[in-house]
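Residue-level listing of the chains:
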Amino acid sequence: MKIATLRRIAVALVVTLVCLTLASCTGGTSTGGKTLVGISMPTKSIQRWETDGENMRKGFEDAGYATMVEFANDDTAQQVSQLENMINKGCKAIVVAAVDSVSLSSVLEQAKNKGIFIISYDRLLTDTPNVDFYVTFNNKKVGSEMALYVEKTLDLANAAGPINMEISSGPPSDNNAGLIYGGMMEVLQPYIDSGVVVIPSGQTTAEQTAIDNWELANSQTRMENLLNGFYTDKKINIAICANDTTGRGAANAIIAAGYTPGAADYPIITGQDCETASVQYIIDGKQGMSIFKDTRTLGDQAIKATISLLNGTAPDQNDVSNNKVFDVPTYNCDLIAVTKDNYKEVLVDGGYYTLADLGL
Ligand code: GAL
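Model, not experiment: these values are computed from the prediction. Each chain carries its own residue numbering, running from 1 in the direction its sequence is written. Only residues with pLDDT of at least 70 get local features here, since the model is predicted, and only at 80 or more are side-chain atom pairs given and counted; chain-wide, interface and lining totals rely on the full set of residues. No hydrogens and no water enter the side-chain calculation; it runs on all heavy atoms of the structure.

Draft legend 1. Spotlight on the nonpolar core. Counting 54 residues, the largest nonpolar core has Met 56, Tyr 121 and Ile 240 as the members making the most contacts within it. With eight residues, helix α6 (residues 175-193) is the single largest residue contributor to this core. For this core, the two domains that each supply at least three residues are domain 1 (31-131 + 295-333) and domain 2 (139-293 + 338-348). Note on definitions: a residue-residue contact is assigned when non-hydrogen atoms from the two residues lie within 4.5 Å. Ignoring any residue separated from it by four or fewer positions in sequence, one finds Ile 240 in contact with Met 146, Ala 147, Val 150, Met 165, Glu 166, Ile 167, Ser 168, Met 184, Leu 188 and Thr 270. Met 68, Val 96, Leu 104 and Tyr 134 belong to the second largest nonpolar core, which has 21 residues in total. Throughout this description, the term nonpolar core refers to a set of buried Ala, Val, Leu, Ile, Met, Phe, Trp, Tyr and Cys residues connected via side-chain atoms within 4.5 Å. Partly exposed describes any residue whose relative accessible area lies between the buried limit of under 20% and the exposed limit of over 50%, with all areas from a 1.4 Å probe on protein chains only and scaled to the type maximum. Helix numbers and strand numbers start at the N terminus; a helix is a DSSP run of H or I with at least 4 residues, a strand a run of E with at least 2. These domain limits were set by an automatic method or by a database of domain assignments.

Draft legend 2. Quick look at the site of the ligand. Here a residue is considered near a molecule or strand provided that any single heavy atom belonging to it is located within 4 Å of it. Neighbouring the ligand are 13 residues, the closest being Arg 48, Trp 49, Arg 123, Asp 174 and Asp 273. Interatomic distance of 2.7 Å between a side-chain N/O atom of Trp 49 and an oxygen atom of the ligand. For this analysis, a polar contact is any N or O atom pair within 3.5 Å, provided that within protein one partner can donate a hydrogen and the other can accept it, and provided that sequence-adjacent residues contribute only side-chain to side-chain pairs. Interatomic distance of 2.7 Å between a side-chain N/O atom of Arg 123 and an oxygen atom of the ligand. Compared with its free state, where it exposes 300 Å², the ligand has 100% of that area covered by protein. Residue classes in the shell around the ligand are distributed as three nonpolar, four polar and six charged. Structurally, the shell around the ligand is a two-domain feature, drawing no fewer than three residues from each of domain 1 (31-131 + 295-333) and domain 2 (139-293 + 338-348). Every accessible area reported is derived by Shrake-Rupley at a probe size of 1.4 Å, with residue values counting cover from the shown protein chains alone. Gly falls in the polar group here, along with every residue not listed as nonpolar (Ala, Val, Leu, Ile, Met, Phe, Trp, Tyr, Cys, Pro) or charged (Asp, Glu, Lys, Arg).

Draft legend 3. Up close: helix α5 (residues 139-153). To estimate the expected span of a helix, count its residues, drop one, and scale the result by 1.5 Å. Here α5 spans 22 Å end to end across 15 residues, near enough to the 21 Å set by a 1.5 Å rise per residue. Listing the buried residues of α5 in full gives Asn 139, Val 142, Gly 143, Ser 144, Met 146, Ala 147 and Val 150. Residues of α5 that are buried make contact with β5 (133-137), α6, β8 (238-241), β9 (268-269), β10 (290-293) and β13 (335-338). Its side-chain oxygen placed 3.1 Å from the backbone nitrogen of Lys 140, Asn 138 serves as the N-cap of α5. Looking one or two residues past α5, Asp 155 carries a phi angle of roughly 45°, positive in sign.

Draft legend 4. Highlighting α6. Along its 19 residues, α6 runs 26 Å from first to last C-alpha, staying within 8% of the 27 Å computed at 1.5 Å per residue. Val 187 marks where α6 bends most, by close to 45°; the proline Pro 190 follows one to four residues later. Within the sequence span of α6, burial applies to Asn 176, Ala 177, Ile 180, Tyr 181, Gly 183, Met 184, Met 185, Val 187, Leu 188 and Tyr 191. Along its buried surface, α6 packs onto β5, α5, β6 (163-168), β7 (197-198) and β8. Near the N-terminus of α6, the side chain that reaches the backbone nitrogen of Asn 176, with its oxygen 2.8 Å away, is that of Asp 174. Bend angle per residue: angle between axes fitted to the 7 residues ending at that residue and the 7 residues starting there.

Draft legend 5. Representation of the sheet that holds strand β3 (residues 93-96). Ordered in space as β2-β1-β3-β4-β5-β12-β11, the seven strands form an open sheet in which the pairing is mixed. Looking at strand neighbours, the two that pair on one side only are β2 (66-71) and β11 (319-322), the edges of this open sheet. Between one strand axis and the next, the sheet turns through 25° on average, direction left out of account. In this scheme, strands are said to pair when DSSP sees at least two bridges between them. Two elements, strand β1 (residues 36-41) and β2, share six bridges in a ladder whose sense is parallel. Within the sheet, the bridge partner assigned to Met 41 lies in β2 and is Phe 71. The axes used here are C-alpha line fits, helices contributing only the stretch in contact, and every angle between their N-to-C directions lies in the interval 0 to 180 degrees.

Draft legend 6. Quick peek at the environment of Lys 141. Inspection of the secondary structure assignment puts Lys 141 in helix α5. Judged by its relative accessible area of 36%, Lys 141 falls in the partly exposed class.

Draft legend 7. Representation of the packing of helix α2 (residues 47-62) against helix α10 (residues 295-310) in the model. At a closest axis distance of 9 Å, the pairing of α2 and α10 adopts a crossing angle of 45°. By the angle between their axes, α2 is oblique relative to α10. Note on packing geometry: the crossing formed by α2 with α10 is right-handed. Each of Arg 48, Thr 51, Asp 52, Asn 55, Met 56, Gly 59 and Phe 60 in α2 lies in contact with α10, whose residues at this interface are Thr 295, Arg 296, Leu 298, Gly 299, Ala 302, Ile 303 and Thr 306. Classifying every residue of the contact of α2 with α10 gives five nonpolar, six polar and three charged. Here is the rule for angles: anything less than 35 degrees is roughly parallel, anything more than 145 is roughly antiparallel, 65 through 115 is roughly perpendicular, and the remaining ranges are oblique. Take the far helix as the reference: if the near one is turned anticlockwise from it by less than a right angle, the crossing is left-handed, and if turned clockwise, right-handed.

Draft legend 8. Expanded view of the packing of helix α3 (residues 76-88) against helix α4 (residues 105-113). The interhelical angle for the contact between α3 and α4, taken along N-to-C directions, is 5°, at an axis separation of 10 Å. Of the possible angle classes, the one that applies to α3 and α4 is roughly parallel. Note on element contacts: α4 touches α3 through Val 107, Gln 110 and Ala 111, opposite Val 80, Leu 83, Glu 84 and Ile 87. Among the residues forming the contact of α3 with α4, the class breakdown is five nonpolar, one polar and one charged.

Draft legend 9. Main features of the pairing of β1. Counting buried residues along β1, six of its six residues qualify, which places the element largely inside the surrounding structure. For a crossover, the right-handed case is the one in which the path from the first strand over the helix to the second runs clockwise, viewed with the strands pointing away from the viewer. Handedness of the crossover is the feature at issue here: the chain leaves β1, passes through α2, returns alongside β2, and the resulting connection is right-handed. Here four bridges tie β1 to β3, and the two strands are oriented parallel to one another. Paired with Gly 38 across the strands is Ile 94, a residue of β3.

Right, here's the structure in full:
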């Protein structure tokens, strides 16, 4: 054999070896030989998802995996193409918090056909058999904790009423929205039925009260319209809002309409996620409470479940969630209601935020 040919073979062998040891070379993605995991989050426009994505990136990388993290800008088409890219780049497992719980069926089927594990994160992937595990919080409890706070603060059990309330729900495209609404209504419906609580707008269902994309601006505009349309001769006493962005939007509209935080007639406003801006609203008396869902715990559970699946073992499970096709094995993490009284203990002493994060 010619020296030149031998040299070429030697070079090819070295390149192949380098490729095999330094990278999986699947679809051109260099993973340093590590198993690649996809993390598909719905948006960056809400604080928690950025934290969720970053926590998981770090956790998976610390555990020896390579990651691909994408945020879908609240756009289903974008999330589908990001997921297709993860499939093509050779991900072996993908953690997904869907923009739209029902719309990923066909891309999930593609993933399943390639033997990729799918972990549904926070929001249940519905209408598909192609989900291996679900990690979440008890979303019905999220709603009932908000309503219990309202019930207790206004002593609804002993109130004569009428107490004026408006509801802001999440969008129906998010499976959590209906569960949260269900939890709220389980507590509040008896008070509505007895006339203690009234809803002057008449907008009572999950669909009528839905805020598109959970967006602060949409919630603010809707509350402005409600106040202008139904509250020219009365005060709003409760704005029960399904998360922090909808809560802050409602608070902004309410304050702009002349209500003063801390005053006796300032309404009770709820939220969820303990975003830093909303904890500041709680401190300032603009929002009454939020639900703390520790995304560190959720991320850890997602990582543990993914690693179990990749290792061929069953993840830790404490529940099941029906996704309209089957009972998806589920791990529910704990949640806690946060108010002015316990935010320091829960969020600062718990190491989730520093005082500086909260502007203190
Ligand atoms: C929900 C989630 C909430 C909140 C909301 C807005 O699915 O349960 O924690 O983040 O989305 O993105």
